[in-house]
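These are the residues of each chain, in order.
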Amino acid sequence: MKLVIAEKPSVGAAIAAVMGANEKRSGYFEGGGYLVSWCIGHLISLADAATYNEQFRKWKYDDLPIVPQEWQFIVASGKEQQFSILKDLMHRSDVTEIINACDSGREGELIFRFVYEQANCKKPFSRLWISSMEASAIREGFSNLKDGRGYDNLYQSALCRAKADWLIGINATRLFSILYHKTLNVGRVQTPTLAMLVNRDYAISSFKKEKYHVVRLDVGGVAALSERQDDEAAARQMKAACEKSQAVCTSVTREKKTVSPPKLFDLTSLQREANRIFGYTAKQTLDLAQALYEKRLLTYPRTDSNFLTDDMKETAEKIAGLLLDKLPFMQGIAFVPAVSQVLDSKKVSDHHAIIPTMELSKTDLVTLPESERNILILTGVRLLLASSEPYIYEAVTAVFSCADAVFTAKGKTVLSEGWKELERRYRSGLKEKPDEEEETTLPDFSEGQTFACPGAKVTEHFTAPPKPHTESSLLSVMERAGNEDTDPDAERKGLGTPATRAAVIEKLVKSGFAVRKGKQLLPTSDGNTLVGILPDTLTSPMLTAEWENTLTQIAKGRADAEIFMQGIEAMTRELVESYPVPAANDPALFKEEKPVIGSCPRCGAPVYEGKKNYYCSDKGCGFVMWKNDRFFEERKVSFTPKIAAALLKDGSVKVKKLYSPKTGKSYDGSIVLADTGGKYVNYRITLPGKE
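These notes cover the structure that comes with them. (Residues numbered from 1 in each chain as written. Predicted model: local features only at pLDDT ≥ 70, side-chain atom pairs only at ≥ 80, totals over all residues. Heavy atoms only, no water.)

**As for the packing of aromatic side chains**
Filter applied, for reference: Each aromatic pair joins two rings of Phe, Tyr and Trp (for Trp, the six-membered one) with centres within 6.5 Å, and gets the label stacked for planes under 30 degrees apart, edge-to-face for over 60, and tilted for any other angle. Put simply, DSSP H or I for four residues or longer makes a helix, DSSP E for two residues or longer makes a strand, and each gets a number counted from the N terminus. Partly exposed residues are those whose accessible area sits between 20% and 50% of the maximum for their type, while under 20% is buried and over 50% is exposed, using a 1.4 Å probe and protein chains only.
By the definition in use, this model includes 25 aromatic pairs. Taking 5.7 Å as the distance between ring centres and 80° as the angle between the ring planes, the aromatic pair formed by Tyr 34 and Phe 142 counts as edge-to-face. One end of the pair, Tyr 34, is in strand S4 (residues 34-38); the other, Phe 142, is in helix H5 (residues 135-143), and 108 residues separate them in sequence. As far as the burial class goes, Tyr 34 and Phe 142 line up, both buried.

Okay, here's the thing in structure tokens:
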């Protein structure tokens, strides 16, 4: 009997169906000479610091750095039952061989090896290495199983990554939290991501806008623009001279340009597009894609591949055909998808690109929640776009001379709409249309053509600062961060993975280091301060690039894992030694930002909202309004921040449905702040017309 261990239940079920293991058991399938079971992601992880020493439960400077000599592992909380099932299956007397069917990549190797070693299994194991869940790919993979030990170097690189992240994360977080008296989460991916927000925010706040002018020449109903003019007087002088002169077309250049169809979605590009079109956060998009995956309507979402494997041609054609029937905006269009251009097994890593599944044929899209439907249709449209013809246009640049100045008009002539036509059809049905660049078509200018006394005007402009990051733009820079310094063969590039980037952003927001403002992501005061106090080593994506380069060499057997870990341990010790005096740092740097409700009527200092009251920030003043004040409770009024703010600003606030304890009836009136300067604040009621 052979035991197959997949990474996820859905993959285990797919393998079981292909290999004939059709008898469902508790936590596994059986049949055809196979037992097929699964992990639930990371079943085993590196133990926390307190596992090594109970005293590490408290964060103390003198305990740093924490560097385990013998690494310990624990079963992930809530996943004990599945690990127990796997362990029992591994030790079954009739199981002679284990097959590692976890994802084809570094983390998949780590997940299997941790389980294998934690279960103390000694049986031989093979490696199933596939990137497609098509039945043919699974069968081919099983007919070409590899020796499991042939992936020892890959496992070592994964183990080094996990240990290095543990060492830097645990020690840096404790170090700076102790130094500044506040929990400051520091991590190899999270901290450089925060630094990107901080750097962009600084670029915006320090930007000094500059005014400039442009002279716009009217040539045949089209505006030809001068170069930027910093001096307004010079621009107006140019305008006046042109209006008395003749404009001559000195050159017309035409360049044919081809824009290839967009690639299929990997998770990051799907998150970016969903943020741009629908305003969904990265986490929302991941959750929606996961929900569709669990409904079997979408392929596995946590992928960094933009292609399908070569064996998926027939499946892709069927799905494209379904989409043409299902999507209203595709009705009546003659379109034959060229799916061959989205197939390339060599460019598929652990999982292929995200596309809808054949389950689409049984599903009425209207029955899905709107947000899920948006994501499903978005991935379907991308399959059609990626299988379309290129967009081809002719870029036209006409140059004019007038009054010894040069003016340029640019436009384009569309030669073939290609995939852009499908995209326009899709966007026409969206509630909110994403911004599209305007296309200008130029008249048929010719060299030597003249325009006597052309109209001209001067327009005023200002240089613009960079825009704040959105989740779309932040995901993009995370994906590219450090890539120019990363080995082209490295398995992972950029900051984080497609599966973890959303969680990194959410953690920054939850920790109070970043805040969402509409679609924008902005650093908080604490976020700016944290990046300011940390060494460049921890805020730069260079650390990730350097690690990935070495981990790639370890996976290839060209670098030594032990030497890498010695370097990480030395870096950890050096980090702690660089900050030797905990008491020297200012705890006020990370003061909690409390919402200001208004100004104190007694002393004018800010009034803050506490859990139970609204209080003056000047401790010597003593002004406080209690949320559970009997005056409000008797009148069945919730003493909200809005009411408190109005009382502080205007001295009174209109309130509907005030309850009368005497009559038992409700009425509308105004609550007036009647503060006499004593220990307790008083209030009174005035009725309409009697204020």
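**Details of the nonpolar core**
For clarity, the cut-off: In these notes, a set of buried Ala, Val, Leu, Ile, Met, Phe, Trp, Tyr and Cys residues joined through side-chain atoms within 4.5 Å is what counts as a nonpolar core. Any two residues having at least one pair of non-hydrogen atoms within 4.5 Å are treated as being in contact.
Ranked by size, the top nonpolar core spans 137 residues in total, and within it Ile 98 and Phe 176 carry the most contacts. The element best represented in this core is helix H6 (residues 152-180), accounting for 15 residues. Once you skip the residues sitting within four places of it in the chain, Ile 98 turns out to touch Leu 3, Ile 5, Met 90, Phe 112, Tyr 116, Cys 121, Lys 123, Pro 124, Phe 125 and Ser 126. Among the nonpolar cores identified, the runner-up in size contains 24 residues, and Cys 616, Ala 646, Leu 647 and Val 655 belong to it.

**Some thoughts on the environment of Lys 209**
Structurally, Lys 209 is set in the loop between helix H7 (190-205) and strand S10 (211-219). Given a relative accessible area of 58%, Lys 209 falls into the exposed group. Residues Lys 209 and Phe 125, spaced 84 residues apart in sequence, show a C-alpha to C-alpha distance of 64 Å. Aside from chain neighbours lying at most four places away, what touches Lys 209 is Phe 462 and Thr 463.

**Topic: unusual backbone geometry**
Of note, the bond from Leu 64 into Pro 65 is cis; its omega dihedral lies within 30 degrees of zero at -5°. Locating Pro 65 in the fold gives a position in the loop between helix H2 (49-52) and strand S6 (73-75). One non-glycine residue with positive phi stands out, namely Asn 120, at about 55°. Looking at the element boundaries, Asn 120 is found in the loop between helix H4 (106-118) and strand S8 (125-127). With relative accessibility at 48%, the residue Asn 120 sits in the partly exposed group. The residue Ala 403 is not glycine, and still its phi comes out positive at about 50°. Following the sequence through the fold, Ala 403 ends up in the loop between strand S13 (391-402) and strand S14 (405-416). Overall, the relative accessible area of 32% leaves Ala 403 in the partly exposed class.

**What about the sheet that holds strand S19 (residues 596-599)?**
One key point about sheets: their strands pair by backbone hydrogen bonds, in either a parallel or an antiparallel sense. Inclusion rule: By this definition, two strands are paired if DSSP reports at least two bridges between them. Convention adopted: a line fitted to C-alpha atoms gives each axis, helices being fitted over their contacting stretch, and angles between N-to-C directions are expressed from 0 to 180 degrees.
Taken in spatial order, the 4 strands of this open sheet run S19-S20-S21-S22, and their pairing is antiparallel. At either end of the open sheet lies a strand with only one pairing partner, and these are S19 and strand S22 (624-626). The mean angle between the axes of side-by-side strands here comes to 20°, regardless of whether they run parallel or antiparallel. Where strand S21 (residues 613-616) and S22 come together, 3 bridges link them in antiparallel fashion. If you follow Tyr 614 over to S22, its bridge partner there is Met 625. The strands touched by helix H21 (residues 641-650) are S19, strand S20 (606-609), S21 and S22; relative to S19, the strand with the most contacts, the crossing angle is about 15°.

**Structural notes on the environment of Ser 349**
With respect to the helices and strands, the residue Ser 349 is situated in the loop between helix H11 (313-326) and helix H12 (370-386). Given a relative accessible area of 28%, Ser 349 falls into the partly exposed group. Sequence spacing of Ser 349 and Tyr 608 is 259 residues, and the spatial spacing of their C-alpha atoms is 53 Å. Once residues lying within four places of it in the same chain are set aside, the contact partners of Ser 349 are Ser 104, Ser 131, Asp 304 and Ser 305.

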